[in-house]
Amino acid sequence: MSQNPKLPHSTPPQRSRRGTDGYERLAKGLGWFSIGLGAAELFAAGPLARFIGIRDTGRHRATLRAFGVREMGAGVGILSRQRPQGWLWARFAGDILDIGSYLSAASEGVTSAGGVALTLTSLAGVTALDMYCASQMSRLPGSATADQQSRRAAHSAIITIDRPAEELSGRLRDFIRMRGESGESRVFTSGVQLSDQPGTQGLRWRAPGIGGMAVAGSIRFEPAPANRGTIVRAELDSPWNTGAARIAGKVFKFAGGEFVQNELRKFKQLVETGEMAVSDATVTTSPREAQPAGELVHA
Amino acid sequence: MGKEDVQVQNVPDPKIMNPRDAIVRITSTAICGSDLHLYDGYIPTMESGDVLGHEFMGEVVDVGKGVSNLKKGDRVVVPFPIACGACFSCKRSMFSLCENSNPNAWMAEKLWGHSPAGIFGYSHLVGGYAGGQAEYARVPFADVGPIKVPENLTDDQVLFLSDIFPTGYMGAEMCNIQPGDPTAVWGCGPVGQFAMKSAYLLGAGRVIGIDRFPERLRLAREKVGAETINYEQTSVLETLKEMTGGRGPDACIDAVGMEAHLPGLVGAYDRAKVALMQETGRPIAVREAIMACRNGGTVSVIGVYGGFIDKFPLGSFMNRSLTMRTGQCHVQRYLRPLLERIQKGEIDPSFVITHRLPLDQAPQAYQMFRDKQDDCIKVVLKPGAGSGQPAVH
């Protein structure tokens, strides 16, 4: 048997099983609480509105019912997983929404000052509990989030190019500058700045990005086994390497590992073939919906 | 313009976009069986307005400054995979896996894990390149792909070097056929015909073609010299056992792909699964090829599959030490040797052509080919030919 390859990042420190069990019990409790609260919101919206001290209007009932569906979904999600940190974070986000919505509803008129005080105290308490449980579970060894963080830290994009690192180093700098000047890249945007990584042939970049939020990261080289050229790894700096940033990047089409991967692919094409592949349907260089060239005219 | 809706329209002429491009004025182009997967909506990422066609040839009318081996006026056949000639895959002659020719590699990676090469006119998943069922086409990496063909050979004789002849040949070659080996081929369409013919060229002892359309079975018997099985009339597995002394064929080639047909419950099961989006094709031929193959034999899959299939007989495959080989054809690898075979008269690929039509009759041609009307086996389209010209058999 071969030895396990050395992991690039150390695993998080082990915690006692007792501590792990405690977080899991707390998560289960929050899951059942979520289902109970959701059921109350869904099936007893009117009495609940009166109990928490806001007016029993049709709009408030509808909002409570919608929130009830959300709560029950989160509850089922939490109870269906052993490490439900994702669902707990979703609950935390829901708590913030609850507080905002409640304050908005209360500003329209309060029916019970005691109900308001109790509700705000409860909301603050459960929000703190959700955040605590979600953050603790995210740090547990073996949790999905810990694994994902490890993977994300390993690379945001990776490609093998059939050239030695010495050749790639200079050409990559030229490529990034060229992409910045072309205005076609969503990662290496106009005004991109480069700096060396001391002691390596790699580099760091920082670009203005979209909406004034700088996109930065590093690229490093390592020889590919069996004389297969050079492995090029790109890592985006936080917060661009987080799950939320990835989703936002996909939705709003900026930054994100997918776009960095596309840039590395373009770089490889340029180095290996002398040109960047374009088809009739891909006239720009970022992942985008392709269209036929020009207007079609019926014969 | 949509599922089962092919139209002929005027579109902008292609232009040189990269230094290694060429523009080809197309003199002959064909509809491939795999175009029917696009026509029937089995391949994702097609968009209204996409130009189809990946089997074409013609005259070079413009070249980029990076192309030194071609010049205006050269008569060329263009291979359907677009390949750079310089990457890891191309250097190993796996041209249909070129790492640099699919500008939409990110799309293919989502569906397939990694991206193959770009392909002309075959969805945005493999590049969104305009295809060759047109008057002109832009040919990227023209210094690697197109092969110049001699004037003494007709378009009909060399056109199929672009895809179906090398594809059939590779299907047979992947089986490592030894002299005398019995070989079975599922599907007697044009690719199946070339797979059978190639199996004989590579030394197969007896070649058995499997289909249900009489005209295709007849072509296999009369032009290829194969024996045939009509799967609607007899059990394929039992017949193959009978023909091979109970052992099964050494080489089994699936030249059908994702739209296989089978009467009865199994066929209905797969149709229902596809309709419910529980699988993306009907893998009836490859299932049967696995079950039929002799212990330790080779199953070669050259029929096209797009996504995920159901009820794959992995138990039979594993326990009987079968080998499966597959792939989109690395056409560039076969162009020269197969052209030499044509020049020597070992094969005249035009034997599969049943219809020649003007390009502007492409919509009718697609329908006729898909529905197997008028004994249609292979359609060649002629850009520039007059409209209303009757079908040529």
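Each chain has its residues counted from 1, following the order in which its sequence is written. Both sets of labels track the order of writing: A upward for chains, 1 upward for ligands. Totals for whole chains, interfaces and linings use all residues, but because this is a predicted model, local features are given only for residues with pLDDT of at least 70 and pairs of side-chain atoms are given and counted only at 80 or more.

**Let's talk about the sheet that holds strand β4 (residues 215-223) of chain A**
All names here are of chain A. If you trace the five strands from one edge of the open sheet to the other, you get β1-β5-β4-β3-β2, paired in antiparallel fashion. Looking along the sheet, the strands with just one partner apiece sit at the ends: β1 (157-161) and β2 (193-196). Neighbour-to-neighbour, the strand axes of the sheet open up by a mean angle of 20°, direction not taken into account. Sheet topology places β4 next to strand β5 (residues 230-236); seven bridges connect them, and they run antiparallel. In the strand pairing of β5, P223 is matched with T230. By definition, residues are in contact whenever their C-beta atoms, placed on the basis of the backbone, come within 7 Å of each other. To obtain each axis, a line is fitted to C-alpha atoms, and for helices this fit is confined to the stretch in contact; angles are then taken between N-to-C directions over 0 to 180 degrees. The helix count covers DSSP runs of H or I at least four residues long, the strand count covers runs of E at least two residues long, and both are numbered beginning at the N terminus. In the packing of helix α7 (residues 165-182) onto the sheet, contacts are made with β1, β2, β3 (203-207), β4 and β5, and the angle to β4 comes to roughly 155°. Together, β1 and β5 form the strand contacts of helix α9 (residues 257-273), whose direction differs from that of β1 by roughly 10°. Two strands form a pair only when DSSP identifies at least two bridges running between them.

**Let's talk about the domain arrangement of chain B**
Residue and element names in this part refer to chain B. Each domain span listed reflects an automatic or database assignment of domains. Split into domains, chain B comes out as domain 1 (22-163 + 330-382) and domain 2 (167-326). Distance from the C-alpha centre of domain 1 to the C-alpha centre of domain 2: 24 Å. On the side of domain 2, 20 residues touch domain 1, which itself brings 19 residues to the contact. Secondary structure elements with two or more residues in the side of domain 1 that touches domain 2: α1 (33-39) and α12 (331-343). The dominant element in the side of domain 1 that touches domain 2, judged by the number of residues it contributes, is α1, at three residues. Looking at the side of domain 1 that touches domain 2, its residues break down into nine nonpolar, four polar and six charged. Amino acids outside the nonpolar list (Ala, Val, Leu, Ile, Met, Phe, Trp, Tyr, Cys, Pro) and the charged list (Asp, Glu, Lys, Arg) are all regarded as polar, and Gly is one of them.

**Details of the sheet that holds strand β10 (residues 227-230) of chain B**
Residue and element names in this part refer to chain B. If you trace the six strands from one edge of the open sheet to the other, you get β10-β9-β8-β11-β12-β13, paired in parallel fashion. Looking at which strands have only one partner, the edges of the open sheet turn out to be β10 and β13 (323-326). Adjacent strand axes in the sheet meet at a mean angle of 20°, parallel and antiparallel pairs treated alike. Pairing of strand β11 (residues 251-254) with strand β12 (residues 298-301), which is carried by four bridges, proceeds in the parallel orientation.

**Considering the interface of chain B and chain A**
The interface is formed by 33 residues belonging to chain B together with 27 residues belonging to chain A. Within the side of chain B that touches chain A, the residues separate by chemical class into 16 nonpolar, 13 polar and four charged.

**A word on the packing of helix α3 (residues 58-79) of chain A against helix α4 (residues 85-106) of chain A**
Residues and elements named next belong to chain A. The geometry of α3 relative to α4 is characterised by a closest axis approach of 10 Å and an angle of 165° between their N-to-C directions. Between α3 and α4, the crossing angle belongs to the class labelled roughly antiparallel. Pair α3 / α4 crosses with left-handed handedness. Of the residues in α4, those touching α3 at H60, T63, F67, R70, A74, G77 and I78 are W87, L88, A90, R91, G94, D98, S101 and A105. The residue inventory of the contact of α3 with α4, partitioned by class, reads seven nonpolar, five polar and three charged. Angular relationships are summarised with four words: roughly parallel below 35 degrees, roughly antiparallel beyond 145, roughly perpendicular across 65 to 115, and oblique for the angles in between. Handedness of each helix crossing follows the sense of rotation of the near helix against the far helix: counterclockwise by less than a right angle gives left-handed, clockwise gives right-handed.

**A few points about the pairing of β10(B)**
Residue and element names in this part refer to chain B. Sheet analysis places strand β9 (residues 207-211) next to β10, joined by four bridges and oriented parallel. Along β10, the bridge assignment pairs D211 with N230. Handedness rule for crossovers: strands pointing away from the viewer, path from the first strand over the helix to the second running clockwise, crossover right-handed. As a crossover connection, the stretch from β9 through helix α7 (residues 214-224) into β10 is right-handed.

**Thoughts on the nonpolar core**
Ranked by size, the top nonpolar core spans 127 residues in total, and within it V24(B), A195(B) and I253(B) carry the most contacts. Built from parts of two domains, this core gets at least three residues from each of domain 1 (22-163 + 330-382) and domain 2 (167-326) of chain B. Ignoring anything within four residues of it in the chain, the contact list for V24(B) reads G58(B), E59(B), V60(B), V61(B), V76(B), V78(B), Y136(B), A137(B) and V139(B). Counting 24 residues, the second largest nonpolar core, distinct from the first, contains L172(A), F175(A), V192(A) and L264(A). Nonpolar core, as used here: buried Ala, Val, Leu, Ile, Met, Phe, Trp, Tyr and Cys residues forming one set through C-beta atoms within 7 Å. The burial criterion counts other C-beta atoms lying within 10 Å of a residue's C-beta, which is placed from the backbone; the residue is buried at 20 or more, exposed at 12 or fewer, and partly exposed between these limits.

**Considering α7(A)**
Residues and elements named next belong to chain A. Between its first and last C-alpha, α7 extends 25 Å over 18 residues, near the 26 Å set by a 1.5 Å rise per residue. Where α7 is concerned, the buried positions are A165, L168, L172, F175, I176, R179 and G180. Packing partners of the buried residues in α7 comprise β1, β2, β3, β4, β5 and α9. Just downstream of α7 lies G183, where phi reads positive at about 75°. A helix's residues, less one, multiplied by 1.5 Å, set its expected span.

**Comments concerning the packing of α4(A) against helix α5 (residues 113-138) of chain A**
All names here are of chain A. Interaxial distance between α4 and α5 falls to 8 Å at its minimum, and their mutual angle equals 160°. The angle between α4 and α5 falls in the class roughly antiparallel. The way α4 lies across α5 gives a crossing that is left-handed. Taking contact as the criterion, the partners of Q85, L88, W89, R91, F92, D95, D98, I99, Y102 and A106 in α4 are, on α5, V116, T119, L123, V126, T127, D130, M131, C133, A134, M137 and S138. For the contact of α4 with α5, a count of residues per class yields 13 nonpolar, four polar and four charged.

**Observations concerning the confidence of the model for chain A**
Atom-level detail of predicted coordinates should not be read off regions where pLDDT is low. Residue and element names in this part refer to chain A. On a scale of 0 to 100, pLDDT captures the predictor's confidence in every residue. Considering every residue of chain A, the mean pLDDT works out to 80; 75% of them sit at 70 or more. Within chain A, helix α6 (residues 144-154) has the poorest average pLDDT of any element, 47, and β1 the best, 94. Within the model, pLDDT remains below 50 along residues 149-154, and this stretch shows four contacts once partners closer than five positions in the same chain are excluded.

**Re helix α13 (residues 362-370) of chain B**
Residues and elements named next belong to chain B. Every buried residue of α13 is accounted for by A362, A365, Y366, M368 and F369. Along its buried surface, α13 packs onto α1, β14 (355-358) and β15 (379-382). Downstream of α13 by one or two residues, K372 has phi in the positive range, about 55°.

**Things to note about the environment of H261(B)**
Structurally, H261(B) can be placed in the loop between β11 and α9 (265-275). The spatial distance from the C-alpha of H261(B) to the C-alpha of D211(B) is 9.6 Å, given a sequence separation of 50 residues.

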